[in-house]
Amino acid sequence: SQELEQSPQSLIVQEGKNLTINCTSSKTLYGLYWYKQKYGEGLIFLMMLQKGGEEKSHEKITAKLDEKKQQSSLHITASQPSHAGIYLCGAGLGTSGSRLTFGEGTQLTVNP
Amino acid sequence: GAGVSQSPSNKVTEKGKDVELRCDPISGHTALYWYRQSLGQGLEFLIYFQGNSAPDKSGLPSDRFSAERTGGSVSTLTIQRTQQEDSAVYLCASSLSGPYGYTFGSGTRLTVV
């Protein structure tokens, strides 16, 4: 099984709707990172969360970290077509904390 | 340079041939990582270089895969006797130290025919 589980695997929403993507770890988290990827491109850094209860926002995207649950959520408010892409969470896990382990990604489609 | 540069951006090769993929990290970044992303899959860790330390090769899928990092800067990932299952996007990332502030390149899309 995956060390980082993302849900849902894919999401189709109407423009203007809110949505949430979750990332759950089976191991102790040492920092949680959210990235966005568009087809044929590399990963673009969105946010880093380090402390339990931490919440960060950038434009209409908010991410939270629940250290006890070993879980993070990414919330997009009033989605736009420009939000479409693959969202990946990454984390330093356990003894391999010097590198990031990634979830399988969530494919987001926003229909105009 | 301003970002992580990878070349080539696309590579089509015949099964059984060797390929070399190049990664030019951000100047001053001591950590360099290679990942592989297969269709519909997440990122699979391959290898990690940190300064002058011995690289973490624990993610390399077989002995056909190897990587070097010369002078603490440019890295080359070599795949020998390529197989069709090697087809994927190979992504390189660099950081100042450890996982903080990973910056990714745009990747090399490898297709083995």
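Residues numbered from 1 in each chain as written. Chains lettered and ligands numbered in written order. Predicted model: local features only at pLDDT ≥ 70, side-chain atom pairs only at ≥ 80, totals over all residues. Heavy atoms only, no water.

Caption draft 1: How the structure looks around the overall build of chain A. A tally of regular secondary structure across chain A gives zero helices and eleven strands. What you see for chain A is a C-alpha radius of gyration of 13 Å, in line with the 13 Å of a compact globule of 112 residues. Summarising its shape, the C-alpha atoms of chain A cover approximately 45 × 30 × 20 Å along the three principal directions. Across the 112 residues in chain A, those meeting the buried criterion constitute 44%. (Helix = DSSP H or I, 4+ residues; strand = E, 2+ residues; numbered from the N terminus. Rg over C-alpha atoms; globule rule 2.2 N^0.38 Å. Buried < 20%, exposed > 50% of the residue type's maximum accessible area, 1.4 Å probe, protein only.)

Caption draft 2: Up close: the environment of Leu29(A). All names here are of chain A. Relative to the helices and strands, Leu-29 is located in strand β4 (residues 29-37). On the accessibility criterion, Leu-29 (9% relative accessible area) is buried. Sequence-distant contacts of Leu-29, that is, excluding residues within four places in its chain, are made with Leu-4, Leu-65, Gln-70, Gln-71, Ala-91, Gly-92 and Leu-93. (Contact = heavy atoms within 4.5 Å.)

Caption draft 3: View of the pattern of salt bridges. All names here are of chain A. This model, assessed by the stated rule, comprises six salt bridges over all chains. Across the pair Lys-27 and Glu-3 runs a salt bridge whose closest N-O atoms are separated by 2.7 Å. Of this pair, Lys-27 sits in the loop between β3 (19-25) and β4 while Glu-3 sits in the segment before β1 (4-7); the two residues are 24 residues apart in sequence, bridging distant segments of the chain. Judged by its relative accessible area of 27%, Glu-3 is partly exposed. Of the charged contacts, one joins Glu-54 and Lys-56 as a salt bridge, the two residues approaching to 3.7 Å between their closest N and O atoms. (Salt bridge = Lys/Arg side-chain N within 4 Å of Asp/Glu carboxyl O.)

Caption draft 4: Representation of the layout of surface pockets within the structure. Taken as a whole, the largest pocket spans an internal volume of roughly 630 Å³. Tyr39(A), Ile86(A), Gln37(B), Leu39(B) and Arg109(B) are, among the 30 residues lining the largest pocket, the residues nearest its centre. Within the residue set of the lining of the largest pocket, elements represented by two or more residues are β9 (85-93) and β11 (106-111) of chain A together with β8 (88-95) and β10 (108-112) of chain B. Here the residues of the lining of the largest pocket sort into seven nonpolar, 19 polar and four charged. (1 Å grid on protein atoms, 1.4 Å probe; cavity = no way out; pocket = protein on both sides within 12 Å on 5 of 7 lines; lining within 4 Å. Points joined across faces, edges and corners; volume = space filled by probe spheres on them. Nonpolar A, V, L, I, M, F, W, Y, C, P; charged D, E, K, R; others polar.)

Caption draft 5: Quick peek at the state of the cysteines. All names here are of chain B. For the structure shown, the criterion picks out two disulfides over all chains. Across a sulfur-sulfur distance of 1.8 Å, Cys-23 and Cys-92 are joined as a disulfide pair. Because the sign of the S-S torsion sets the handedness, a value of about -65 degrees for the bond joining Cys-23 and Cys-92 places this disulfide among the left-handed ones. You can see Cys-23 sitting in strand β3 (residues 19-24) and its partner Cys-92 sitting in strand β8, a full 69 residues away along the chain. (Disulfide = S-S within 2.5 Å.)

Caption draft 6: Quick peek at the pairing of strand β4 (residues 31-37) of chain B. Residue and element names in this part refer to chain B. Burial analysis of β4 places seven of its seven residues in the buried class, the great majority of the element. Residues Ala-31, Tyr-33, Tyr-35 and Gln-37 line one face of β4 and the alternating positions Leu-32, Trp-34 and Arg-36 line the opposite face, and both faces are buried. With seven bridges joining them, β4 and strand β5 (residues 43-50) adopt antiparallel strand pairing. Bridging across to β5, Tyr-35 finds its partner in Phe-45. Linking β4 to β5, which pair antiparallel, is a turn of five residues; within it Gly-40 sits at a positive phi near 75 degrees. (Pairing = 2+ DSSP bridges.)

Caption draft 7: Summary view of the sheet that holds strand β7 (residues 75-79) of chain B. All names here are of chain B. Reading across from one edge, β1-β3-β7-β6 is the order of the four strands in this open sheet, with antiparallel pairing throughout. Whereas interior strands pair on both sides, the edge strands pair on one side only; in this sheet they are β1 (5-7) and β6 (65-69). Across this sheet, the average inter-strand angle for adjacent strands is 15 degrees, counted without regard to direction. Pairing of β3 with β7 involves five bridges; the strand directions are antiparallel. (Axes fitted to C-alpha atoms, helices over the stretch in contact; angles between N-to-C directions.)

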